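Remarks on the overall topology
So the chains spell out like this:
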Amino acid sequence: MNRQITLVARPVGYPKESDFKLVETSIPTPEDGQVLVKTIYLSVDPYMRGRMNQRRSYAPNVQIDEVMVGGVIAQIVESKHPDFQVRDIVNASIGWQEYGIAPGEGLRKIDPSIAPISTGAGILGMPGLTAYFGLLQVGKLQDGETVFVSGAAGAVGSVVGQIAKIKGCRVVGSAGSDEKIAYIVDELGFDDAFNYKNVTDYPAKLAELYPDGIDVYFDNVGGRITDAVFPNLRVKGRVVICGQISQYNLENPETGPRFLWHLITQRARIEGFLVSDFSDRHAEALVQMAEWLKQGKLKYRETIAEGGIENAPTAFISMLKGGNIGKQLVKIAELD
């Protein structure tokens, strides 16, 4: 049998365990051009919270009683596609389930000789690519600039800061615990960081950390920290909107200050993006990321929930509340 996690209720505020249901179905059979995969690692990510809502955003949302959307690192157990063999390891989008059918087109093979296969859902997967293109292409980072990263201990933010350091920039991050602050400064090499839970005046804190202003702000969280960036931008500063995790679970939207006039005086720019905008360049970026990883210029951490597919909702909710350092994964099975 195939075990799946389906959405049975649309969350109000933070998701609850009761919004999900564990169901059993038959293992499907692939058709020509398809493969059957067995999930080894399930990725849980902030974007999934938006896909649980009623209203459509950039992609179709999960319907009630449908399998939760998501990416996996999986092993092929049956193939009807000439480019893939049984036992190949791939990155696939089959959602929260133990087995699934995937079309051969769009699958990416994972090479276990480069790094542990779990990294294919993390630093050498969607989060790493998001950091790479968001900072270098959307943020137009130049060597030696000043960079601020919110959500800096997460799967994306931790990579953003390290790439900025590779480019010779001064990097400061914010995160939600002293353990996370120690991680990004002592292990990842950020120049400075602060625990946002221990700071009351964000604009003053950023002015202290950036006396000459911020060139690039990589935004993973939104809210008051993001509001505080605008009066601290340098001329021609750039704000990269990657995520707004502080806002995803609010029952009532926050009322923020009017800050757009700072864009006039600083001639600054705000731009959001999706990593899929750069899908035709993912391969070249992964080559560079793998090289940096091999050289020791990039480090990573994974928070892995054990216990199988039934623990996916718990891991997802924990991630939304900041319970992870680095990439949050759920271990589903062992490789054959």
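What comes next is a walk through the structure. What you see is a predicted model, and the numbers here were worked out from it, not measured in a lab.

Details of the nonpolar core
- Counting residues in hydrophobic clusters, the biggest one holds 43 residues, and the most contacted among them are Leu-135, Ile-163, Ile-184 and Met-289.
- If you tally residues by element for this core, the top one is helix 2 (residues 126–138), at seven residues.
- Ile-5, Leu-7, Ala-92 and Leu-107 belong to the second largest nonpolar core, which has 30 residues in total.

Regarding empty space enclosed by the protein
- Overall, the coordinates contain one cavity of 30 Å³ or more when judged by the stated rule.
- Of the voids in this model, the largest cavity is the one considered here, and its volume is about 80 Å³.
- If you go around the largest cavity, the residues you meet are Gly-122, Ile-123, Ala-155, Ser-158, Val-159, Gln-162, Lys-299, Tyr-300, Arg-301, Glu-302, Gly-326 and Lys-327.
- Classifying every residue of the lining of the largest cavity gives four nonpolar, four polar and four charged.

Description of the pairing of strand 1 (residues 2–7)
- Within strand 1, five of the six residues are buried, which leaves it mostly tucked inside the rest of the structure.
- Bridge count for strand 1 against strand 2 (residues 20–25) is six bridges, and the pairing is antiparallel. Of the residues in strand 2, the one forming a bridge with Thr-6 is Lys-21.

Focus: the packing of aromatic side chains
- With the rule as written, the count across this model stands at eleven aromatic pairs.
- Measuring from centroid to centroid gives 5.1 Å for Tyr-132 and Phe-133, while their planes differ by 80 degrees, and the two rings are edge-to-face.
- Overall, the relative accessible area of 11% leaves Tyr-132 in the buried class.
- Here a set of aromatic residues connected by ring pairs shows up, and it is made of Tyr-132, Phe-133, Phe-278 and Trp-292.
- Here the guanidinium or amino end of Lys-109 rests over the ring plane of Phe-84, the centre of that ring lying 5.4 Å away.

Observations regarding the pattern of salt bridges
- Here the structure, examined in full by the defined rule, presents 14 salt bridges.
- Of the charged contacts, one joins Arg-238 and Glu-145 as a salt bridge, the two residues approaching to 2.6 Å between their closest N and O atoms. Taken as a pair, Arg-238 in strand 12 (residues 233–241) and Glu-145 in the loop between helix 2 and strand 8 (146–149) lie far apart in primary sequence, 93 residues in all.
- We classify Arg-238 as buried; its relative accessible area is 10%.
- With relative accessibility at 12%, the residue Glu-145 sits in the buried group.
- With its nearest N and O atoms 3.8 Å apart, the salt bridge here joins Glu-208 to Lys-205. In this pair, Glu-208 and Lys-205 are both assigned in helix 5 (residues 202–209), three residues apart and thus about one turn of the helix distant.
- Given the relative accessible area of 56%, Glu-208 is considered exposed.

Criteria and thresholds
- All chains use their own residue numbering, which begins from 1 and follows the written sequence.
- Local features in a predicted model are, by the rule used here, given only for residues with pLDDT of at least 70; side-chain atom pairs are given and counted only at 80 or more, and totals for whole chains, interfaces and linings are based on all residues.
- With hydrogens and water set aside, each side-chain value is computed from the structure's full complement of heavy atoms.
- Among the buried residues, those of types Ala, Val, Leu, Ile, Met, Phe, Trp, Tyr and Cys that are joined through side-chain atoms within 4.5 Å form a nonpolar core.
- When accessible area is computed with a 1.4 Å probe and restricted to protein chains, residues below 20% of their type maximum are described as buried, those above 50% as exposed, and intermediate ones as partly exposed.
- Helical segments are the DSSP runs of H or I of at least four residues, strand segments are the runs of E of at least two, and each set is numbered from the N terminus.
- Grid points spaced at 1 Å over the protein atoms alone were grouped into cavities, where a 1.4 Å probe fits but cannot get out, and pockets, open sets with protein on both sides within 12 Å along at least five of seven lines, with lining residues defined by an atom within 4 Å of a point.
- Grid points are joined across faces, edges and corners, and a volume is the space filled by probe spheres set on the points.
- Asp, Glu, Lys and Arg are counted as charged, while Ala, Val, Leu, Ile, Met, Phe, Trp, Tyr, Cys and Pro are counted as nonpolar; the rest, among them Gly, fall into the polar class.
- Pairing between strands requires that DSSP locate at least two bridges from one strand to the other.
- Only rings of Phe, Tyr and Trp enter the pairing, Trp through its six-membered ring, and a pair is recorded when the two centres are within 6.5 Å. The plane angle decides the type: under 30 degrees is stacked, over 60 is edge-to-face, the rest tilted.
- Working rule: Lys NZ or Arg CZ, within 6 Å of ring centre, within 35 degrees of ring normal, means a charge sits over the ring.
- Salt bridge criterion: a side-chain nitrogen from Lys or Arg within 4 Å of a carboxyl oxygen from Asp or Glu.

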